Protein chains: 2
Amino acid sequence: MTQAFDVLGSPVRRRILELLAERSRTSGEIVEAIQRELDISQPGVSQHLSVLRESGFATSRAEGPRRVYELGAVPFGEVEAWLDRFRGAWGERLDALATEVARGKRERRLQRAKEPVRRRA
Amino acid sequence: MTQAFDVLGSPVRRRILELLAERSRTSGEIVEAIQRELDISQPGVSQHLSVLRESGFATSRAEGPRRVYELGAVPFGEVEAWLDRFRGAWGERLDALATEVARGKRERRLQRAKEPVRRRA
DNA sequence: GCTTAATATAAGCGATAACTTATATGATGC
DNA sequence: GCATCATATAAGTTATCGCTTATATTAAGC
């Protein structure tokens, strides 16, 4: 569990996860995007991918000479589990407006399902 | 938001947040606990508290000569919001067993309230 | 089997974060 | 106002992390 947050501590890795949340991608596609956005070399990106693989945030399979990456669920579950104790704490002693904002957004997203293009944050 | 994950990247800070999730504590109480568990000096702990304050994960008020710390909700909400996009991704392309474990646990906790002792996994 | 393409690993280096010790600040009690 | 307790800040050092360049690995196509 400790691991999971260490992995999410890097903005580059978070960005890669965002890309993978949209769809699976090859190493090359990820390298291209990260290089464009954050100007990091191919080996630099590859090292981050390695961290994501080893921590379970991403899995990879060979497809010809390329490697296709996709999201792994387990560590996200661990993060959720850790956050659980704070959800309790909010209810007890905070009005937790920020939480409700976040949860409201989640609920809403489930309800729409098909909407026009999503802008990046 | 980037900030929030940087803050959670430290195991010491995560431990402090766990302590604060149980109840509000004075700086001294936190120092004592962290010193015992992780062998870190008073200034070391104080610096972590400073990070938690500045990021909004904790707030502090003076109470006589001591400072009482308690949890702040906002950054947790930001973390939730970021995680939202991955909840969607799980539904789309993963069976997400780990997620369901985590969510199931949360739901179940709300429903039981009084049950025999639960064994740890 | 050699070349090329796609990706990963190795080695080294610089920045940053997380400690330490020493000291300042600020409230309390006499 | 001075001593004391509780906490924070300052300054300096070390370890870790995230990058870079260089090179190894693996698959495909000819």
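Source: prediction; values computed, not measured. (Residues numbered from 1 in each chain as written. Chains lettered and ligands numbered in written order. Predicted model: local features only at pLDDT ≥ 70, side-chain atom pairs only at ≥ 80, totals over all residues.)

A.B. asks: Would you mind showing me how to read the overall build of chain A here?
C.D. replies: Of regular secondary structure, chain A possesses 6 helices and 3 strands. Scanning chain A from its N terminus toward the C terminus, one meets helices and strands in the order α-α-β-α-α-β-β-α-α. When the 121 residues of chain A are sorted by exposure, 29% land in the buried category. When contacts within chain A are restricted to residue pairs at least 6 apart in sequence, long-range pairs at least 24 apart make up 48% of them. (Helix = DSSP H or I, 4+ residues; strand = E, 2+ residues; numbered from the N terminus. Buried ≥ 20, exposed ≤ 12 C-beta atoms within 10 Å, placed from the backbone. Contact = placed C-beta atoms within 7 Å.)

A.B. asks: Hey, could you run me through the protein's contact with DNA strand D in this one?
C.D. replies: Around DNA strand D, the surrounding shell holds 24 residues, and the nearest of these are Ser41(A), Pro43(A), Gly28(B), Pro43(B) and Arg66(B). Broken down by secondary-structure element, the contributors of at least two residues to the surface near DNA strand D are helix H4 (42–55) of chain A together with helix H3 (27–38), helix H4 (42–55) and strand S3 (66–71) of chain B. Sort the elements by how many residues they give to the surface near DNA strand D and H4(B) lands first, with 6 residues. Here the residues of the surface near DNA strand D sort into 7 nonpolar, 15 polar and 2 charged. (Near = placed C-beta within 6 Å. Nonpolar A, V, L, I, M, F, W, Y, C, P; charged D, E, K, R; others polar.)

A.B. asks: Could you clarify how one ought to interpret unusual backbone geometry in this entry?
C.D. replies: Peptide bonds are trans in most cases, and residues, glycine excluded, mostly fall at negative phi. Phi at Asp39(A) takes a positive value of approximately 55 degrees, unusual for a residue other than glycine. Relative to the elements of secondary structure, Asp39(A) occurs in the loop between helix H3 (27–38) and H4.

A.B. asks: Looking at this structure, how should I read the sheet that holds strand S1 (residues 25–26) of chain A?
C.D. replies: What links the strands of a sheet is backbone hydrogen bonding, and the strands pair in either a parallel or an antiparallel sense. Residues and elements named next belong to chain A. As summarised here, the arrangement of the 3 strands in space is S1-S3-S2, forming an open sheet in which the pairing is antiparallel. This sheet does not close on itself; its edge strands, each paired only once, are S1 and strand S2 (58–63). In the sheet, S2 pairs with strand S3 (residues 66–71) via 6 bridges, with the strands oriented antiparallel. Across the sheet, the residue bridging to Ala58 is Leu71, located in S3. In this fold helix H2 (residues 11–22) packs onto S1, S2 and S3, with an angle of close to 90 degrees to the strand it touches most, S3. Against the sheet, H4 makes contact with S2 and S3, and its axis sits at roughly 110 degrees relative to S2, the strand it touches most. (Pairing = 2+ DSSP bridges. Axes fitted to C-alpha atoms, helices over the stretch in contact; angles between N-to-C directions.)

A.B. asks: How should the sheet that holds strand S1 (residues 25–26) of chain B be read in this particular structure?
C.D. replies: All names here are of chain B. What the 3 strands build is an open sheet, ordered S1-S3-S2; its pairing is antiparallel. In the strand order of this sheet, the two ends are held by S1 and strand S2 (58–63), each with one partner. Here helix H2 (residues 11–22) sits on the sheet in contact with S1, S2 and S3, set at roughly 90 degrees to S3. Packed on one face of the sheet, H4 meets S2 and S3 and runs near 110 degrees to S2.

A.B. asks: Where do I start with the protein's contact with DNA strand C in this structure?
C.D. replies: Within the structure, DNA strand C sits among 24 residues, and Gly28(A), Pro43(A), Arg66(A), Ser41(B) and Pro43(B) are positioned closest to it. Elements represented by at least two residues in the surface near DNA strand C include exactly H3, H4 and S3 of chain A together with H4 of chain B. Considering every element that reaches the surface near DNA strand C, the biggest residue donor is H4(A), with 6 residues. A class-by-class count of the residues in the surface near DNA strand C yields 8 nonpolar, 14 polar and 2 charged.

A.B. asks: Sorry if this is basic, but what is going on with the domain arrangement of chain A here?
C.D. replies: It is common to report an interface's size as the accessible area lost on association of the parts. Domain boundaries assigned for chain A yield domain 1 (2–73) and domain 2 (75–112). Facing 6 residues of domain 1 of chain A, the contacting portion of domain 2 of chain A comprises 5 residues. (Domains from an automatic or database assignment.)

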